[in-house]
Amino acid sequence: MRDNKPREELPLDAAGLPEAPDSAELDDIRELLGGDELPRTEDFALDDILKEYGAAPTAANVPEEKPAPVPAEEEKAAGTPDSPQIPAAAEIPEAPAPVPVPERLPEPEYEPELPPGMKKSRNAEEELSGTDVRQHISDQVAQVMEEKQAAGPIEVPKSVARDSAVKMTDEFAEPEHEHTRPEKKKAVRREEENIPAPQEKTRYRISDDLRSFKGMLPGDAAAKARSAVGYYRWRCWVTALLSLLTGYITAAPTYGLPLPGFISYVEMPFIYLFILAALQIGAMLTGVSLIADGLRALTRRQCKAETLIAVSCTVNLIYTLQIMVKPEWGGYLPYQTVVILSLFFGLLTRCRRYTALASSFKALSFASGKYTEVKAMMEHDGHIRTVYKLEPEALERRVLDQLLQEDPSERFMRAYAPIALVASLVFALIASIGGEVKISLMWAWSAILAAAAPGGMLLAYVWPVSRVSMRLARNGTALAGAAAPAQLAEAESAILLERDIFPTKMVGMSAVKVFSGFTPEKVNLCTLAVLKASGSNLYNALAASLARVPVNMPAMEGFEFYETGGMGAYVNGDRVLIGSPSFILRSGVRVPEGINVKNGIFVAINMQFAGLYPIKYDVQPSVRRALGFFVRRHVTPVLAVRDFNITPALVEGRFKLQAESLGYPDLGERIVFSSIKDSINDETCAALAVDSTANYADAVCSGKRVHTACRLNLVLGLISAILGMGLNFFLLFMREPSFVTPFYVLVYTFVWFVPSMLVSLGANRR
């Protein structure tokens, strides 16, 4: 905005007031109101504008005070009895020098802009003189504010607690670190602005069990998830013991196991069935949250895993009560042991889901608050073939929200549960009336439902991911939600930078050996300048080897890379070339004989060989393991390096890898890959509290293992459910009830659960 004019020089209108601002000044007003942070009220903005143009504050912001009584002599001397009086207690500022008012004002060179609604008359000067310029400016400010409100509401990111160790930013917030992304706007604390949070739209569905975690900080969410784990853990133990107890009571008469005399289905059927029903009711009360959730979803015309378990328990309990009331409807034992086992699997699923969530939130609550995001590069065809990682920065809220995604087993059960429920009812109707002798519909339905929800299907995702998450959390690594394993499973290559393969401390650089009369100081200065411009990790290695790094770098221009293995630039007018010995020779620089250095930095200044830095690359064991992880999981490590010494031959020799297991693109692609930035189309797959190659590889490979285990568990569970329901229907239809006993159904469930258990346990191996 233009500089303020002294009050003595302000032009006045016919009324003796400052002139109304012209169109250029109104643009300045709009610019004043067009910042990122708007003033809280219109009056506040108006006061600033009036102060800018030398007018008095608006009446809205001046407190009303009764004027002090004035003697008649003073009132007469004032000449304007209706003019406002200054309160006696107010401090009177020093009045500015009076501005002389001419008898006749010159005609204005432009026609002043009148306030909205004022009609243009023949004598505009008379109307303007009767209009307060403050009202004019107030109307202009109101118009600008209405235009901004018509443009739509201003979306402000969610606020973050001040004292949190983990500083989070929203997708459009500015991260709190030095290298800020230019496309992100500064976050505003919602507690200070008191602005309601906008409705967020996500590309995924949040799990019903995890909705209460939305918006929580990692530390608080981890504590809440651990509390939920403890809540469901003891319920799992109770239901497991009740399932074993009912199984023993059911199998004891058949296999001659000891039982009290009053527990006999033949002699005292009512007491026998009453004990089984009481044990099932106790188990249902233990898992009442799961049963209520399933029935609530059914009332909303939705079906999920909890619905299938709740219906199975209800149908079996109705059949038990039915034969207690009318024993002639019975003859076949109910399936308490199987339905309680299904309830155990449902509770264990929730326990494992909260275990994985607690581990992930714990990994994202490290005190540093800076995390390295592992991204999946989205190709034009919608597939993911490459993963990369960014620089450490503040954690974003969207990464925390991704942890609440609905997992693949939940999505699968939403599609499978209604089909299984309808199919079991249809099969039960056919089996109950299809044979020569009619059987109870509730018995047939409970027998078919007993095999409809195998444990391997319920635990398909949460069991392997919980075990993997607990191991990754010890290193501060977390998979970013249920979609991350599927994205990582598609990855075929992983971009590795120089520091990922050879960290700075593993690059040993000796002191410079100078030639051709150059001084070590000049060679060091020229080499540092060129290496710094290249962005190579060699600059950090050279700076670490020097006792004193120059503070002021020399002037440099004309930097460029060479495909033949080097780089060059003009430093203080000298042509400096840096590269491998073959590059120096190809450039026409003569290298003295007797130099036997496999890896090093060869420096030429003005086409004269100036110096040599011998380099030794040591192997870090964790990097060796990381490359082994990539190779075993069929992920190609892509060497996005700018160091001309790091070639596939060097990496293969140092790390004992096969030649075809590494990717080494052209120089242009290596430069692009090494400077890759975040993209809004790329999804976050993992977050690393410690930026290391081992954690990077472990996150990628663990995601691939979790995805494989989940798919295999779902396939095994689906086969188990289809075969179990079909086999029970066939046996009931053929009237072979001796093969549909609770004990046989229990054995069938365990036989199919063992492969899923082994797959889930194997997902955690390295």
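Residues numbered from 1 in each chain as written. Predicted model: local features only at pLDDT ≥ 70, side-chain atom pairs only at ≥ 80, totals over all residues. Heavy atoms only, no water.

Explanation requested: the overall build of the protein in the structure shown.
Tallying secondary structure elements over the protein gives 26 helices and 15 strands in all. For the protein, the accessible surface area stands at approximately 39300 Å², while carbon and sulfur atoms represent 57% of it. (Helix = DSSP H or I, 4+ residues; strand = E, 2+ residues; numbered from the N terminus. Areas by Shrake-Rupley, 256 points an atom, 1.4 Å probe, with all protein chains shown as cover.)

Just checking my understanding: could you explain helix 7 (residues 218-255) for this structure?
Residues spaced three or four apart along an α-helix face the same direction, because each turn holds 3.6 residues. With 38 residues, helix 7 extends 53 Å between its outermost C-alpha atoms, agreeing within 8% with the 56 Å of an ideal straight helix rising 1.5 Å per residue. One or two residues past the end of helix 7 sits G256, with phi positive at roughly 70 degrees. (Expected span 1.5 Å × (residues − 1).)

Could you clarify how one ought to interpret the pairing of strand 10 (residues 566-571) in this entry?
Residues in a regular strand project their side chains so that they alternate between the two faces of the sheet. Here strand 10 lies mainly inside the structure; five of its six residues are buried. Inspection of the sheet shows strand 9 (residues 556-562) paired to strand 10 by five bridges, in the antiparallel sense. Of the residues in strand 10, the one forming a bridge with E557 is Y570. Between strand 9 and strand 10, which pair antiparallel in sequence order, lie three residues; one of them, G565, sits at a positive phi of approximately 105 degrees. With six bridges joining them, strand 10 and strand 11 (residues 574-579) adopt antiparallel strand pairing. Bridge pairing links V571 to D574 in strand 11. (Buried < 20%, exposed > 50% of the residue type's maximum accessible area, 1.4 Å probe, protein only. Pairing = 2+ DSSP bridges.)

Looking at this structure, I do not really get unusual backbone geometry. What am I missing?
The general pattern is negative phi for most residues beyond glycine and trans for most peptide bonds. We note that R301 has phi near 60 degrees; this positive angle belongs to a residue other than glycine. With respect to the helices, strands and loops of the structure, R301 is situated in the loop between helix 9 (288-299) and helix 10 (305-325). Backbone geometry places K656, a non-glycine residue, at a positive phi of 60 degrees. One can find K656 in the loop between helix 23 (648-655) and helix 24 (667-674).

Would you take a moment to explain the confidence of the model for the protein for this structure?
Interpretation of this model should avoid reading the predicted coordinates in detail wherever pLDDT is low. Chain-level statistics for the protein give a pLDDT mean of 78 and a share of 72% at 70 or above. A low-confidence stretch, residues 1-10 stays under pLDDT 50, and its non-local contacts, those more than four residues away or across chains, total 18 contacts. The low-confidence segment residues 151-202, where pLDDT is below 50, has 94 contacts with residues more than four positions distant or belonging to other chains. (pLDDT = per-residue confidence, 0-100. Contact = heavy atoms within 4.5 Å.)

Looking at this model, I keep getting lost on the pattern of salt bridges. Mind explaining?
Between side chains of opposite charge, a pair can form when the charged atoms approach closely. Counted by the stated rule, this structure contains 25 salt bridges. A salt bridge links E410 to R353; its shortest N-O distance comes to 3.8 Å. Taken together, the residues span a long stretch of sequence, with E410 in helix 13 (residues 408-434) and R353 in helix 11 (residues 336-363) at a distance of 57 residues. Notably, a salt bridge pairs D618 with K616, separated by 4.0 Å at the nearest N-O pair. K616 sits in the exposed class, given a relative accessible area of 54%. (Salt bridge = Lys/Arg side-chain N within 4 Å of Asp/Glu carboxyl O.)

How should helix 20 (residues 538-545) be read in this particular structure?
Turning to helix 20, its buried residues are L538, Y539, A541, L542 and A543. Buried residues along helix 20 sit in contact with helix 18 (498-501), strand 7 (507-509), helix 19 (520-534), strand 12 (600-605) and strand 13 (608-617).

What should I look at first to understand the side chain of R670 in this one?
On the secondary structure map, R670 appears in helix 24. At 5.7 Å, E563 is the nearest oppositely charged side chain to R670, a buried residue that forms no salt bridge. Within the structure, the side chain of R670 is placed 3.1 Å from the backbone oxygen of V641, a separation counted as a polar contact. Among the polar contacts listed, one links the side chain of R670 to the backbone oxygen of P665, at a separation of 2.9 Å. Setting aside chain neighbours within four positions, we find R670 in contact with L639, A640, V641, Y664 and P665. (Lys, Arg positive; Asp, Glu negative; His and termini not counted. Polar contact = N/O pair within 3.5 Å; in protein donor to acceptor, adjacent residues only side chain to side chain.)

Can you help me understand a nonpolar patch on the surface in this one?
Where nonpolar side chains cluster on the molecular surface, the patch consists of Y248, Y255, L257, F739, F743, Y744, V747 and V751 and spans about 730 Å² of accessible area. Every element with two or more residues in the nonpolar patch is listed here: helix 7 and helix 26 (742-762). The element contributing the most residues to the nonpolar patch is helix 26, with four residues. Within the element layout of this structure, Y248 appears in helix 7. (Patch = residues over 30% accessible without salt bridge, like charges linked within 9 Å, V, L, I, M, F, W, Y side chains within 5 Å.)

Quick question: what am I supposed to make of the environment of S536 here?
For S536, the position within the fold is in the loop between helix 19 and helix 20. Separated by 107 residues in the primary sequence, S536 and D643 place their C-alpha atoms 6.0 Å from one another. A polar contact of 3.2 Å, which involves the side chain of S536, links it to the backbone nitrogen of L538.

Sorry if this is basic, but what is going on with the packing of aromatic side chains here?
The geometry of an aromatic ring pair comes down to the distance between the two centres and the angle between the two planes. Going through the model one piece at a time under the given rule, you end up with 21 aromatic pairs. Ring geometry for F502 versus Y617: centroids 5.0 Å apart, planes at 55 degrees, classification tilted. With F502 in the loop between helix 18 and strand 7 and Y617 in strand 13, this pair connects stretches of sequence that are 115 residues apart. Of the residues examined, Y617 reaches a relative accessible area of 2% and is grouped as buried. (Phe/Tyr/Trp six-rings, centres within 6.5 Å; stacked < 30°, edge-to-face > 60°.)

Teacher, can you tell me more about the packing of helix 9 against helix 10 here?
A pair of packed helices is characterised by two quantities: the angle between their axes and the separation of those axes. Viewed as axis vectors pointing N to C, helix 9 and helix 10 meet at an angle of 105 degrees, and their least axial separation amounts to 7 Å. Taken together, the axes of helix 9 and helix 10 lie roughly perpendicular to each other. Packed against helix 9, whose contacting residues are L290, I291, D293, G294, L295, A297 and L298, the element helix 10 presents E306, T307, I309, A310, V311 and C313 at the interface. Counted by class, the contact of helix 9 with helix 10 contains nine nonpolar, two polar and two charged residues. (Axes fitted to C-alpha atoms, helices over the stretch in contact; angles between N-to-C directions. Parallel < 35°, antiparallel > 145°, perpendicular 65-115°, else oblique. Nonpolar A, V, L, I, M, F, W, Y, C, P; charged D, E, K, R; others polar.)

Can you walk me through the nonpolar core in this structure?
Soluble globular proteins tend to bury their nonpolar side chains together. Grouped together as the largest cluster of nonpolar side chains are 166 residues, with contacts concentrated most on L308, Y416, I601, F630, Y696 and L732. Among the elements that make up this core, the one with the highest residue count is helix 11 (16 residues). Apart from residues lying up to four places away in sequence, Y416 is in contact with L308, A452, M457, L718, A721 and M725. One finds V589, V591, A604 and L612 within the second-largest nonpolar core, a separate group that totals nine residues. (Core = buried A, V, L, I, M, F, W, Y, C linked by side-chain atoms within 4.5 Å.)

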